Amino acid sequence: IPTKAADIFSLGLLMVELVMNRARLGWQLPKEGPQWQNFRKGRKEVEQFLLGISRSLMNIILRMLNPNPPQRPSAKEIRMKCLAYERRQRGHASRR
């Protein structure tokens, strides 16, 4: 059954793939089986793919992939976090 929480989870998966730049690294999300189940269940399994990105971006992605749907952020919260992240990045770029 499609839900907003399922959409948020899917967006989180998309963000993992974007962060990983899978085309360049030849990496893919697990599609099924034990690897997929471990990925869906565990923060540690997801974190290992997100090493090297900012802590704030990692945290929002991890929340989006939370196995407990009511604990996932709303689309509005994600938007606000992404806008704040973008502002910080612009601030860092202008200081260079």
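Residues numbered from 1 in each chain as written. Predicted model: local features only at pLDDT ≥ 70, side-chain atom pairs only at ≥ 80, totals over all residues. Heavy atoms only, no water.

Engineer: Would you mind showing me how to read the overall build of the chain here?
Structural biologist: The secondary structure content of the chain amounts to 6 helices and 0 strands. Starting at the N terminus and walking to the C terminus, you meet the elements of the chain as α-α-α-α-α-α. Relative to its 96 residues, the chain shows a buried fraction of 30%. For the chain, the share of sequence-separated contacts (at least 6 apart) that also reach a separation of at least 24 residues comes to 49%. (Helix = DSSP H or I, 4+ residues; strand = E, 2+ residues; numbered from the N terminus. Buried < 20%, exposed > 50% of the residue type's maximum accessible area, 1.4 Å probe, protein only. Contact = heavy atoms within 4.5 Å.)

Engineer: I tried to follow the environment of Asn-68 on my own but got confused; where do I start?
Structural biologist: With respect to the secondary-structure elements, Asn-68 resides in the loop between helix H5 (55–64) and helix H6 (75–94). Spatially, the C-alpha atom of Asn-68 lies 9.3 Å from that of Lys-41, the residues being 27 residues apart in sequence.

Engineer: It is not clear to me how the environment of Val-16 should be interpreted in this structure. Could you clarify?
Structural biologist: With respect to the helices, strands and loops of the structure, Val-16 is situated in helix H1 (residues 4–20). Once the C-alpha coordinates of Val-16 and Phe-49 are considered, the two residues, 33 residues apart in sequence, prove to be 7.6 Å apart.

Engineer: Help me out: how do you make sense of the pattern of salt bridges in this one?
Structural biologist: Charged atoms that come close allow side chains of opposite charge to pair. Following the criterion strictly, the structure yields 2 salt bridges and no others. A salt bridge links Arg-63 to Glu-77; its shortest N-O distance comes to 2.4 Å. Linking Arg-63 in helix H5 with Glu-77 in helix H6, this pair joins segments that are 14 residues apart in sequence. You can call Glu-77 partly exposed: its relative accessible area is 26%. Residues Glu-86 and Arg-90 are paired through a salt bridge, measuring 2.6 Å at the closest nitrogen-oxygen approach. Residue Glu-86 and its partner Arg-90 are located together in helix H6, separated by 4 residues, close to a single helical turn. (Salt bridge = Lys/Arg side-chain N within 4 Å of Asp/Glu carboxyl O.)

Engineer: What is the right way to look at the side chain of Arg-72 in this model?
Structural biologist: Considering the arrangement of structural elements, one finds Arg-72 in the loop between H5 and H6. Although Arg-72 is buried, it forms no salt bridge, and the closest oppositely charged side chain is Asp-7 at an N-O distance of 8.9 Å. Of the polar contacts made by the side chain of Arg-72, one reaches the backbone oxygen of Ala-5; its length is 2.9 Å. Each residue touching Arg-72, except ones within four places of it in the same chain, is listed here: Ala-5, Ala-6, Ile-8, Phe-9, Arg-63, Met-64, Leu-65, Asn-66 and Pro-67. (Lys, Arg positive; Asp, Glu negative; His and termini not counted. Polar contact = N/O pair within 3.5 Å; in protein donor to acceptor, adjacent residues only side chain to side chain.)

Engineer: Quick question: what am I supposed to make of the nonpolar core here?
Structural biologist: In a soluble, globular protein the nonpolar side chains are often hidden away together inside. Counting residues in hydrophobic clusters, the biggest one holds 20 residues, and the most contacted among them are Leu-13, Val-16, Phe-39, Leu-50, Ile-61 and Leu-65. When residues of this core are traced back to their parent elements, those giving at least two are H1, helix H3 (33–41) and H5. (Core = buried A, V, L, I, M, F, W, Y, C linked by side-chain atoms within 4.5 Å.)

Engineer: I'm lost on the confidence of the model for the chain in this one. Help?
Structural biologist: Caution is warranted with low-pLDDT regions, since their predicted coordinates should not be read in detail. Summary statistics for the chain give a mean pLDDT of 82 and a share of 90% for residues scoring 70 or more. Of all helices and strands in the chain, the one with the weakest mean pLDDT is helix H2 (residues 22–25) (56), whereas H5 scores best (89). (pLDDT = per-residue confidence, 0-100.)

Engineer: How do you make sense of the packing of H1 against H3 when you look at a structure like this?
Structural biologist: The description of two helices packed together rests on the angle between their axes and the distance between the axes. At a closest axis distance of 13 Å, the pairing of H1 and H3 adopts a crossing angle of 105 degrees. Judged by the angle between their axes, H1 and H3 are roughly perpendicular. Across the interface between the two elements, Phe-9, Leu-13 and Val-16 from H1 touch Trp-36, Phe-39 and Arg-40 from H3. Here the contact of H1 with H3 is composed, by residue class, of 5 nonpolar, no polar and 1 charged. (Axes fitted to C-alpha atoms, helices over the stretch in contact; angles between N-to-C directions. Parallel < 35°, antiparallel > 145°, perpendicular 65-115°, else oblique. Nonpolar A, V, L, I, M, F, W, Y, C, P; charged D, E, K, R; others polar.)

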